[in-house]
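# Geometric and topological summary
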Amino acid sequence: MKILIIGANGQLGTDLVRILRHHQVIALTHKEIEVCNHQETRKILEGHKPEVVVNTSAYHRVDLCEDHLEETFKVNTYAVRNLAEICQDLGIVLVHLSTDYVFGSEKKSPYREKDLPNPLNVYGVSKLAGEYFVRHICQRHFIIRTSGLYGVAGASGKGGNFVELMIRLAKEGRPIKVVSDQILTPTYTKELAKKIAQLIETGQYGLYHVTNNGQCSWYEFARVIFELVGLHPDLSATTTEEFGAKAKRSPYSVLENANLRKLGLDDLSSWREALEQYLREKGHLK
Ligand SMILES: NC(=O)c1ccc[n+]([C@@H]2O[C@H](COP(=O)([O-])OP(=O)(O)OC[C@H]3O[C@@H](n4cnc5c(N)ncnc54)[C@H](OP(=O)(O)O)[C@@H]3O)[C@@H](O)[C@H]2O)c1
């Protein structure tokens, strides 16, 4: 299959390029494609004629999104609408990445694909609007909602990832405060990329939640990182209110891989096993 990846040097993009290597992969970085340039994007897709486009690009600095609405919607919504139109016109399957931040109710059990979204911040609204454009414009699509990504490449849009940030702060001997009242499922991009590769092969288009299994708070995630790596920093739990981030966040945004399970494909590791694998691959474990 000829598969074009947008955001190929990002955290997820890097793993996708590796995992899809037995296909004919066209790996485009931000230098090679600007999704906000609608005409150029159409020309690039017309030129390559891929069978599948995977869009990992996003403006996802969640707190900055609150003040940068134009930039946020340009990348996460309008560019996605354009991609959906091009893919529909050219008969391309569009795989689009979305987020757990489309949810934000009082629910305390994992969200399924059929649950009603209720984004609490600008980022979530912009990503949900992008999803709707994909659903309504491009017939053959996969929308993949995931959460708390970390991967060997580090998020280029965020300058690293949570795991590396924790390890760095611990090695610098700084006190570390992490919120314990936001529950999620951290997800290793390598496992997510493998699942996307499998899903593409099924041809079972639609909306999918894809995360590692289990759940934890950011604080617990940090605690387990240090336990596995053997670091003993001054780590303490804090609250979302005390932390005072600009964007509102849901206290609970765990996703249930319900549609994957229906296909018999929900065999992702627990978040702890995935973290251990990541730490080993990054050389953090002896
Ligand atoms: N990170 C998370 O925790 C998380 C959680 C849930 C869902 N997601 C979703 O998962 C997807 C992948 O996330 P990630 O962590 O892999 O992100 P990432 O590492 O920041 O990768 C995004 C890639 O897209 C490129 N890009 C950004 N803006 C672009 C534009 N206007 N035109 C073309 N390319 C552009 C980036 O290039 P430059 O960096 O060079 O600009 C980068 O290569 C995103 O859609 C995100 O919304 C992420």
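We now turn to the structure provided with this report. Computed from a prediction, not measured in an experiment: that's the story for all the values here.

Scoring rules and cut-offs
Residues numbered from 1 in each chain as written. Predicted model: local features only at pLDDT ≥ 70, side-chain atom pairs only at ≥ 80, totals over all residues. Heavy atoms only, no water. Helix = DSSP H or I, 4+ residues; strand = E, 2+ residues; numbered from the N terminus. Polar contact = N/O pair within 3.5 Å; in protein donor to acceptor, adjacent residues only side chain to side chain. Contact = heavy atoms within 4.5 Å. Near = heavy atom within 4 Å. Areas by Shrake-Rupley, 256 points an atom, 1.4 Å probe, with all protein chains shown as cover. Nonpolar A, V, L, I, M, F, W, Y, C, P; charged D, E, K, R; others polar. Axes fitted to C-alpha atoms, helices over the stretch in contact; angles between N-to-C directions. Left-handed = near helix turned anticlockwise from the far one by under 90°. Salt bridge = Lys/Arg side-chain N within 4 Å of Asp/Glu carboxyl O. Buried < 20%, exposed > 50% of the residue type's maximum accessible area, 1.4 Å probe, protein only. Pairing = 2+ DSSP bridges. Core = buried A, V, L, I, M, F, W, Y, C linked by side-chain atoms within 4.5 Å. Expected span 1.5 Å × (residues − 1).

## A few points about the side chain of Thr 77
Among the structural elements, Thr 77 can be located in helix 4 (residues 69–90). In this structure the side chain of Thr 77 is engaged in a polar contact, spanning 2.8 Å, whose partner is the backbone oxygen of Ser 126. Look past the residues within four positions of Thr 77 in its chain and what remains in contact with it is Thr 72, Ser 126, Ala 129, Gly 130 and Phe 133.

## Examining the site of the ligand
Gln 11, His 30, Glu 34, His 60 and Tyr 123 are the nearest of the 26 residues found near the ligand. A distance of 2.8 Å separates an oxygen atom of the ligand from a polar atom in the backbone of Gln 11. Within the side chain of His 60, one N or O atom sits 2.8 Å away from an oxygen atom of the ligand. When the free accessible area of the ligand is taken as 890 Å², the share hidden by the protein chains comes to 90%. Counting residues per element, the ones that place at least two in the shell around the ligand are helix 1 (11–19), strand 4 (93–99) and helix 5 (122–137). Taken together, the residues that form the shell around the ligand break down as eight nonpolar, 15 polar and three charged.

## Section: the packing of helix 2 (residues 38–48) against helix 4
It is at 10 Å that the axes of helix 2 and helix 4 come closest, and there the two elements cross at 35°. For the crossing formed where helix 2 meets helix 4, the hand is right-handed. Packed against helix 2, whose contacting residues are His 38, Thr 41, Arg 42, Leu 45 and Glu 46, the element helix 4 presents Tyr 78, Ala 79, Asn 82, Leu 83, Glu 85, Ile 86, Cys 87, Asp 89 and Leu 90 at the interface. Partitioned by chemical class, the residues of the contact of helix 2 with helix 4 number seven nonpolar, three polar and four charged.

## Some words on the pattern of salt bridges
Evaluated as defined, the whole model comprises 19 salt bridges. With a closest N to O distance of 3.6 Å, Arg 81 and Glu 85 form a salt bridge. Linking Arg 81 with Glu 85, this pair stays in helix 4, spanning four residues, or about one helical turn. Taking the relative accessible area as the measure of exposure, Arg 81 reaches 38% and is therefore partly exposed. A salt bridge links Glu 281 to Lys 190; the shortest N-O distance between them is 2.8 Å. Here Glu 281, found in helix 11 (residues 271–281), pairs with Lys 190, found in helix 7 (residues 189–202); they are 91 residues apart in sequence, far enough to count as distant.

## Quick word on the pairing of strand 4
With seven of its seven residues buried, strand 4 lies for the most part within the structure. What you see with strand 4 is no split at all: Val 93, Val 95, Leu 97 and Thr 99 on one side and Leu 94, His 96 and Ser 98 on the other are buried throughout. Of the pairings in the sheet, the one linking strand 3 (residues 52–55) to strand 4 comprises four bridges and is parallel in character. Bridge assignment links Asn 55 to a residue of strand 4, and that residue is His 96. Direction of pairing for strand 4 relative to strand 5 (residues 141–146): parallel, over a ladder of six bridges.

## Section: the nonpolar core
Counting 30 residues, the largest nonpolar core has Leu 4, Ile 6, Leu 45, Val 53, Cys 87 and Leu 94 as the members making the most contacts within it. When residues of this core are traced back to their parent elements, those giving at least two are strand 1 (2–6), strand 2 (24–28), helix 2, helix 3 (62–65), helix 4 and helix 5. No other element matches the eight residues that helix 4 contributes to this core.

## With respect to the environment of Val 178
Considering the arrangement of structural elements, one finds Val 178 in strand 7 (residues 176–179). Here the alpha-carbon distance between Val 178 and Thr 240, two residues 62 residues apart in the chain, equals 8.9 Å. Those residues in contact with Val 178, other than ones at most four positions away along the chain, are Phe 162, Met 166, Trp 218, Tyr 219, Ala 222, Leu 235, Ser 236, Ala 237 and Thr 238.

## Here we look at helix 8 (residues 218–229)
Across its 12 residues, helix 8 extends 17 Å between first and last C-alpha, which sits within 8% of the 16 Å expected from 1.5 Å per residue. Every buried residue of helix 8 is accounted for by Trp 218, Phe 221, Ala 222, Val 224, Ile 225, Phe 226 and Val 229. Once helix 8 finishes, Gly 230 follows within two positions and takes phi at roughly 80°, a positive value.

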